[in-house]
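Spelled out, the chains give:
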Amino acid sequence: MKITYTDVLVIGGGLAGLRTAVGVRERGLDCIVLTLVPPKRSHSAAAQGGMQASLANAIMGEGDNEDIHFEDTIKGSDWGADQEVVRLFVHTAPKAIRELAAWGVPWSRVKAGAHQAIINAQKVTLTERAEAHGLITARDFGGTKKWRTCFTSDGTGHSMLYAMDNKAHERGIEIRERREAMALIHENGRCYGAVSRNLMSGELTAYIAKATCIATGGYGRLWSVTTNATICQGIGHALALETGVAELGNMEAVQFHPTAIVPVGILTTEGCRGDGGVLRDVDGYRFMPDYEPEKKELASRDVVSRRMTEHIRKGKGVKSRYGDHLWLDITLLGRAHIEKNLREVKEICESFLGIDPAKEWIPVRPTQHYSMGGIKTDYRGESPTLRGLFSCGEAACWDMHGFNRLGGNSVAETVVSGMLVAEYIADFCQTPQSHIDISTATIERFINAEQAKLEALIHGGSGEDSFVLREAMEQIMMDKVGIFRNAKELQEAVEQLQELLRRSRNITVYRSKSLAANPALVNAYRTQKMIKVALTVAYGALLRTESRGAHAREDYPERNDHDWLVRTLSSWSDPEQSLPDVRYEPLDVMRMELPPGWRGYGKDLTIHHPDTPTRAAEVEAIKAAHSDRFARQKALSAALEKLPKKYQGRNERLSERFES
Amino acid sequence: MSEGRTLHVHILRFDPHLKDDKPRIETFELREAPGMTLYIALNDIRKYLDNSLKFDFVCRAGICGSCAMLINGRPGLACRTLTSKLDAHISLAPLPVFELIGDLSVHTGNWMRGMSERLETWIHTQKAPDIDRMEERMEPELAEAIYELDRCIECGCCIAGCGTIQMRESFVGAVGLNKIARYRLDPRDERSDAQLYQLIGDEDGVFGCMSLLGCADVCPKELPLQSQIAYLRRKMVQIGK
Ligand SMILES: Cc1cc2nc3c(=O)[nH]c(=O)nc-3n(C[C@H](O)[C@H](O)[C@H](O)COP(=O)(O)OP(=O)(O)OC[C@H]3O[C@@H](n4cnc5c(N)ncnc54)[C@H](O)[C@@H]3O)c2cc1C
Ligand code: SF4
Ligand code: SF4
Ligand code: FES
């Protein structure tokens, strides 16, 4: 039996996991990172579009600050987000980007003087300020009042991830590649690490740690078509779920991105529309202004995806053998711009569609993209029900995005959450509660259980084929748990998934019998896990009888704050049960900085919460009493006091200079 | 018309973890579908014909560098390769040089990490940034030039295509030299040319390169490897004098 001890075990080597590792190392703790793939291959590398931070350097970002970023994020979330967490986030995002600048990310910079841009399909001239020359610039993204999305040409996530991984090398952080966390080791409501499988040799090892942090990314691969990488399978969520103790939050909150290419689902970045690209229908007609006269193509993602689907349903889609699609037209941006700032898009169009996007329109349709739901944590990143288990990045639901995430807020979240959660973990490791108090007999029990499961899959009799179950699950999610949802389909989805779950308990790996590197074995045990996670999504969606953000119920079109201003919490207390346990946690209107209101899209159908008018009046009074924005914010919420001391300082901007 | 062709995929297979397994070529036949890439083809083979076939894909969009292999003898990204652009007989083999995990899967990660630790591919600076304050300025053109070199995805194609490395295992390859060029360009990295010379001023570095440029031909990101290596060599020759 192999046991390795460390202070902090980080599961996941994407942006969130690596930043957490760097942070705890800086606080003097030992740390091991487990990852399925070399960290630089993590899905974070695929983020082409950018990272939001309110630097206010570009002329179209002038006047931006934390408060505006805060409002955009809360509105974007359809008031589903945790407002304290969002406040911590918007305050730390500028620091995160500046830290990355120092660590080597070649952020695109402001160039003083006039340049051409496309806004609302019109050529306009923007003049950048001389004083901003050489500072980090930003582009427009959906759902934001200011141009706030910072980027590196066409490869933001790539550059960020490389800088971060290099930082981890510099700090000598131990990274174990091709290691898969198989189960969390826990006892009496306390998490002590994980059993991990070496994907090359098959060897099982127990990693025992004071604190364990899951940063395994999203669960997009529950759907057959998704923009997500092949390893975004929700395994981290399943690890938490299978403890029976930890909870998942808002798993039904799933974002569909408007512009993935047809048929393979590879993303073309929101930067295409941010930079001026438009959507067209079968007649070449630009339809978004009819639906959303103000924000048009740059309405929030969930809104654009629904409008596109509506338009296709009206018969305005372009027919293809893979189903109907629409067109993304970026020809109006010109070749020079495309080849520099959207080169990745160009490469994708050439390699996967065989077209030239400077001349031809791109076939697109809304496609699963982002998992707002995740492992439920408090603002410190810790599970409220399983001590010592932390989570951050896309895997977590500390709840920054509520029911819809803004483009560019996710890579920002990965880094910010890594910075903050690392500090809270380090604080935790200094308390007596963090002591490791688990017997080797218990550890052995966890390893043996995993070994037994693997052997049962390999040596079992004539059971089910996991590839078949997996495909069936993906199809159910595609057909019945999509952009528009209704009780009938969701009910069917839940029942069919329950049936798949039952069958998945009897999977056999045929032919390929190795316990070492063996893709069939991997598919078998992951399928068992994924079906459970899919059930939390489908069941949560069925129960939530309202529409909020990306969760759109055709049978309940109104956002219902009166009954549903709550976070869904799912757990799986008994391994034999076929549905998750679900309970709800209310969001406290009386503590909101921005009381629930209307997002400004379509008709306002909101059924309000009884506390909303009271809190709105309070907030108005506080705002009237303070002209200084910092004093006002402090009077509205004490959130910033929760920040680690080192991150409490204000952020300098051209318009808010520090005295030197 | 490529639609409906029968593809014959010849794969070099070997599982070092299985006792008695020997390298061999196995052929799989499958029907070509429109828009089919090698990612789709290999997954179909795994799903329907042989579930033990090992290969690596992560992003399946030409972004992450996981899926490099020899495609008809030439290093390339499998996910970005449309079968319609290939003959009906396709031969696939793992990248050479790297440790073999099994079939088409190789351990590029630990090779790259070793290279990175050796060349210290990170910003070396004495300054601790004050992240509350405005970031240091950088000329927009310089940021772009750095990004141009930062685009390497560590896929390993240049290593597989390199003549030097076949003879000198410790050669850092075009990928390594490009990284040095990238940090050299970056004013945030305070290392001097003399310090860089310590890292690459020998046969394992810039003087090992025979300028045959196998690397530049196969780099899927079309990095300017040729000009960067030549420039670096000139600079290093000056230091060495
Ligand atoms: C195509 C695309 C484009 C995007 N563009 C943008 C954008 O422009 N701006 C933006 O803000 N956001 C964007 N996003 C979203 C953003 O990229 C992700 O949300 C974010 O990068 C997730 O980072 P992460 O660190 O949480 O997880 P990931 O980067 O997904 O990393 C997960 C890590 O966990 C590891 N792992 C998983 N399971 C296990 C296990 N069981 N054991 C061990 N290790 C495991 C993996 O190996 C990996 O290292 C985009 C997403 C997609 C799909
Ligand atoms: S030019 Fe140098 S690095 Fe490139 S393939 Fe030839 S020997 Fe290798
Ligand atoms: S230099 Fe090019 S070929 Fe070599 S690893 Fe980087 S991207 Fe791949
Ligand atoms: S799978 Fe990422 S480059 Fe091919």
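Note that this is a predicted model, so its numbers are computed, not measured.

K.L.:
Just give me the short version of the overall build of chain A, but keep the residues and values in it.
P.N.:
For chain A, the helix and strand inventory stands at 18 helices and 22 strands. By principal-axis analysis of the C-alpha atoms, chain A measures approximately 70 × 60 × 50 Å. In chain A, buried positions account for 68% of the 660 residues. Of the roughly 20900 Å² of accessible surface on chain A, a fraction of 50% belongs to carbon and sulfur atoms. Here chain A contributes 84 positive and 86 negative side-chain charges, whose respective centroids are spaced 3 Å apart.

K.L.:
How would you summarise the side chain of R148 of chain A if you had to cite specific residues and measurements?
P.N.:
Residues and elements named next belong to chain A. With respect to the helices, strands and loops of the structure, R148 is situated in the loop between strand 5 (122–128) and strand 6 (149–150). On the basis of relative accessible area, R148 is assigned to the buried category, the value being 0%. A polar contact is formed between the side chain of R148 and the side chain of Q52, at a distance of 2.9 Å. Setting aside residues no more than four positions away along its own chain, R148 makes contact with M51, Q52, A53, S54, D64, I68, H69, D72, A138 and R139.

K.L.:
So, the site of ligand 2: which residues are in play, and what are the values?
P.N.:
Lining the immediate environment of ligand 2, one finds C162, T164, F171, A174, C209, M210, S211, L212, L213, G214 and C215 of chain B. By residue class, the composition of the shell around ligand 2 is 8 nonpolar, 3 polar and no charged.

K.L.:
Tell me about the pattern of salt bridges, and please be specific about residues and values.
P.N.:
Should their charged atoms come close, side chains of opposite charge can pair. This structure, assessed with the given rule, holds 98 salt bridges over all chains. Here K346 of chain A ties to E339 of chain A by a salt bridge, and the two come within 3.8 Å at their closest N and O atoms. Residue class for E339 of chain A comes out partly exposed when judged on its relative accessible area of 34%. Between R24 of chain B and E26 of chain B there is a salt bridge; the shortest N-O distance is 2.7 Å. Of the residues examined, R24 of chain B reaches a relative accessible area of 30% and is grouped as partly exposed. When salt bridges that share partners are traced, they join D78, E252, D302, R306, R544, E546, R548, R559, D561 and R599 of chain A into one network.

K.L.:
Break down the nonpolar core for me, citing the residues and quoting the values.
P.N.:
Residue and element names in this part refer to chain A. Core analysis: the biggest nonpolar cluster contains 76 residues, and I185, L222, L497 and V537 have the highest contact counts within it. Broken down by element, this core gets its largest block of residues, 15 residues, from helix 15 (residues 519–543). Once you skip the residues sitting within four places of it in the chain, V537 turns out to touch Y219, L222, W223, M251, E252, V254, M477 and V481. A16, V85, C213 and I425 belong to the second-largest nonpolar core, a separate cluster that totals 71 residues.

K.L.:
Which residues make up the domain arrangement of chain B, and what values go with them?
P.N.:
Residue and element names in this part refer to chain B. For chain B, the assigned domains read domain 1 (6–106) and domain 2 (120–240). One C-alpha centre belongs to domain 1, the other to domain 2; they are set 30 Å apart. Facing the 14 residues of domain 1 at the interface are 13 residues of domain 2. Counting every contact that joins domain 1 to domain 2 gives 0 salt bridges. Counting across the interface, domain 1 meets domain 2 through 3 residue pairs in polar contact (both at pLDDT 80 or more). With 4 residues, strand 4 (residues 74–77) is the single largest residue contributor to the side of domain 1 that touches domain 2. Considered class by class, the residues forming the side of domain 1 that touches domain 2 number 9 nonpolar, 3 polar and 2 charged.

K.L.:
Describe the site of ligand 3, and please don't skip the residues or the numbers.
P.N.:
With respect to spatial proximity, the complete set of residues near ligand 3 consists of C152, I153, E154, C155, G156, C157, C158, V175, C219, P220, L223 and L225 of chain B. Of the residues in the shell around ligand 3, the class split is 10 nonpolar, 1 polar and 1 charged.

K.L.:
Go over the sheet that holds strand 12 (residues 254–261) of chain A with me, naming the residues and quoting the values.
P.N.:
All names here are of chain A. Spatial strand order, 12-15-14-13: 4 strands in an open sheet with antiparallel pairing. The open sheet is flanked by strand 12 and strand 13 (278–280), the only strands paired with a single partner. Strand-to-strand twist in this sheet, taken as the mean axis angle between neighbours without regard to direction, amounts to 45°. Direction of pairing for strand 13 relative to strand 14 (residues 326–329): antiparallel, over a ladder of 3 bridges. What sits directly across from V278, in strand 14, is D329.

K.L.:
So what's going on with the sheet that holds strand 11 (residues 248–249) of chain A? Residues and values would help.
P.N.:
Residue and element names in this part refer to chain A. With mixed pairing, 5 strands are arranged side by side in an open sheet as 18-16-11-21-22. The sheet terminates laterally at strand 18 (396–397) and strand 22 (581–586), the two strands that pair on one side only. Pairing between strand 21 (residues 566–571) and strand 22: 6 bridges, direction antiparallel. Directly across from V566, in strand 22, lies its bridge partner P586.

K.L.:
Help me get a handle on the packing of helix 7 (residues 193–200) of chain B against helix 9 (residues 225–240) of chain B, residues and values and all.
P.N.:
Residues and elements named next belong to chain B. Viewed as axis vectors pointing N to C, helix 7 and helix 9 meet at an angle of 105°, and their least axial separation amounts to 10 Å. If you check the angle between helix 7 and helix 9, you find them roughly perpendicular. Within the contact between the two elements, helix 7 uses D193, A194, L196, Y197 and I200 and helix 9 uses L232, K235, M236, I239 and G240. In the contact of helix 7 with helix 9, the residues fall into 7 nonpolar, 1 polar and 2 charged.

K.L.:
Break down the side chain of T35 of chain A for me, citing the residues and quoting the values.
P.N.:
All names here are of chain A. Looking at where T35 falls in the secondary structure, it is placed in strand 2 (residues 31–35). On the accessibility criterion, T35 (4% relative accessible area) is buried. Within the structure, T35 has its side chain in polar contact with the backbone oxygen of V37 (distance 2.5 Å). For T35, the contacting residues outside a window of four places in its chain are G13, I175, R176, E177, R178 and R179.

K.L.:
Which residues make up helix 4 (residues 156–170) of chain A, and what values go with them?
P.N.:
Residues and elements named next belong to chain A. Helix length check: helix 4, at 15 residues, gives a terminal C-alpha distance of 21 Å against a target of 21 Å (1.5 Å per residue), a fit within 8%. Buried residues dominate helix 4, accounting for 14 of its 15 residues. Phi turns positive one or two residues past the end of helix 4, at G172, with a value near 65°.

K.L.:
Talk me through unusual backbone geometry; I want residue IDs and the actual numbers.
P.N.:
Residue and element names in this part refer to chain A. For the peptide bond that leads from V262 to P263, omega is 5°, which places it in the cis range. Along the chain, the position of P263 falls in the loop between strand 12 and helix 6 (271–274). Although it is not a glycine, A56 sits at a positive phi angle of roughly 65°. By the element assignment, A56 lies in the loop between strand 3 (51–52) and helix 2 (66–76). Residue N120 is not a glycine yet carries a positive backbone phi of 50°. Considering the arrangement of structural elements, one finds N120 in the loop between strand 4 (113–119) and strand 5.

K.L.:
Give a detailed account of the pairing of strand 5 of chain A, specifying residues and quantitative values.
P.N.:
Residue and element names in this part refer to chain A. Relative to strand 5, strand 4 is paired through 7 bridges, and the arrangement is antiparallel. Bridged to G113 within strand 5 is E128. In textbook terms, the turn of a hairpin is the stretch between consecutive antiparallel strands, and for strand 4 and strand 5 this stretch comprises 2 residues, one of which, N120, has a positive phi near 50°.

K.L.:
Help me get a handle on the interface of chain B and chain A, residues and values and all.
P.N.:
Residue-level contacts link 71 residues of chain B with 87 residues of chain A. Between chain B and chain A the total buried area reaches about 6300 Å² when both faces are included, carbon and sulfur atoms providing 50% of it. Linking chain B to chain A there are 13 salt bridges. With its nearest N and O atoms 3.0 Å apart, the salt bridge here joins E135 of chain B to R98 of chain A. At the junction of chain B and chain A, the tally comes to 48 residue pairs in polar contact (both at pLDDT 80 or more). Counting residues per element, the ones that place at least two in the side of chain B that touches chain A are helix 1 (38–49), strand 7 (105–106), helix 2 (108–119), helix 3 (140–150) and helix 6 (173–185) of chain B. Counting residues per element, the side of chain B that touches chain A draws most heavily on helix 3 of chain B, at 8 residues. The residue makeup of the side of chain B that touches chain A, split by class, is 30 nonpolar, 14 polar and 27 charged.

Calculation rules
The residue numbering used here restarts from 1 in each chain and proceeds along that chain's sequence as written. Think of it this way: whatever chain is written first is A, whatever ligand is written first is 1, and the rest follow in order. Whole-chain, interface and lining totals are the exception, using all residues; otherwise, since this is a predicted model, local features are given only for residues with pLDDT of at least 70 and side-chain atom pairs are given and counted only at 80 or more. Note that the side-chain values use all heavy atoms of the structure and ignore hydrogens as well as water. Here a strand is any run of E in DSSP of at least two residues, a helix any run of H or I of at least four, and the numbering for each starts at the N terminus. For every residue, the accessible area (1.4 Å probe, protein chains only) is compared with the maximum for its type, and the residue is labelled buried under 20%, exposed over 50%, or partly exposed between those bounds. Areas reported here follow the Shrake-Rupley algorithm with a probe of radius 1.4 Å; residue values treat only the protein chains shown as occluding. For the charge count, each Lys or Arg is scored as positive and each Asp or Glu as negative, with His and the chain ends excluded. Where a charge lies is defined by one atom per residue type, namely NZ (Lys), CZ (Arg), CG (Asp) and CD (Glu). Each polar contact in these results corresponds to two N or O atoms within 3.5 Å; when the atoms are within protein, one needs to be able to donate a hydrogen and the other to accept it, and residues that are neighboring in sequence are counted only if both atoms are side-chain atoms. Contact criterion: two residues are considered in contact whenever any of their non-hydrogen atoms come within 4.5 Å of each other. In this text, near means that some heavy atom of the residue lies within 4 Å of the molecule or strand in question. Under the grouping applied here, Gly and all other residues not named as nonpolar or charged are polar, the nonpolar ones being Ala, Val, Leu, Ile, Met, Phe, Trp, Tyr, Cys and Pro and the charged ones Asp, Glu, Lys and Arg. By definition, a salt bridge exists where a carboxyl oxygen of Asp or Glu is found within 4 Å of a side-chain nitrogen of Lys or Arg. Here the nonpolar core consists of buried residues drawn from Ala, Val, Leu, Ile, Met, Phe, Trp, Tyr and Cys, with membership extended through side-chain atoms lying within 4.5 Å. In this document the domain limits rely on a domain assignment from an automatic tool or a database. Strand pairing is assigned whenever DSSP detects at least two bridges linking the two strands. Axis angles are defined between N-to-C directions and span 0 to 180 degrees, where every axis is a line fitted to C-alpha atoms and, for a helix, only to the segment in contact. Should an angle fall under 35 degrees it is called roughly parallel, over 145 degrees roughly antiparallel, and 65 to 115 degrees roughly perpendicular, with every other angle called oblique. Helix span, expected: 1.5 Å multiplied by one less than the number of residues in the helix. When two parts are put together, the accessible area they lose, computed with a 1.4 Å probe and summed over both, is reported as buried area.

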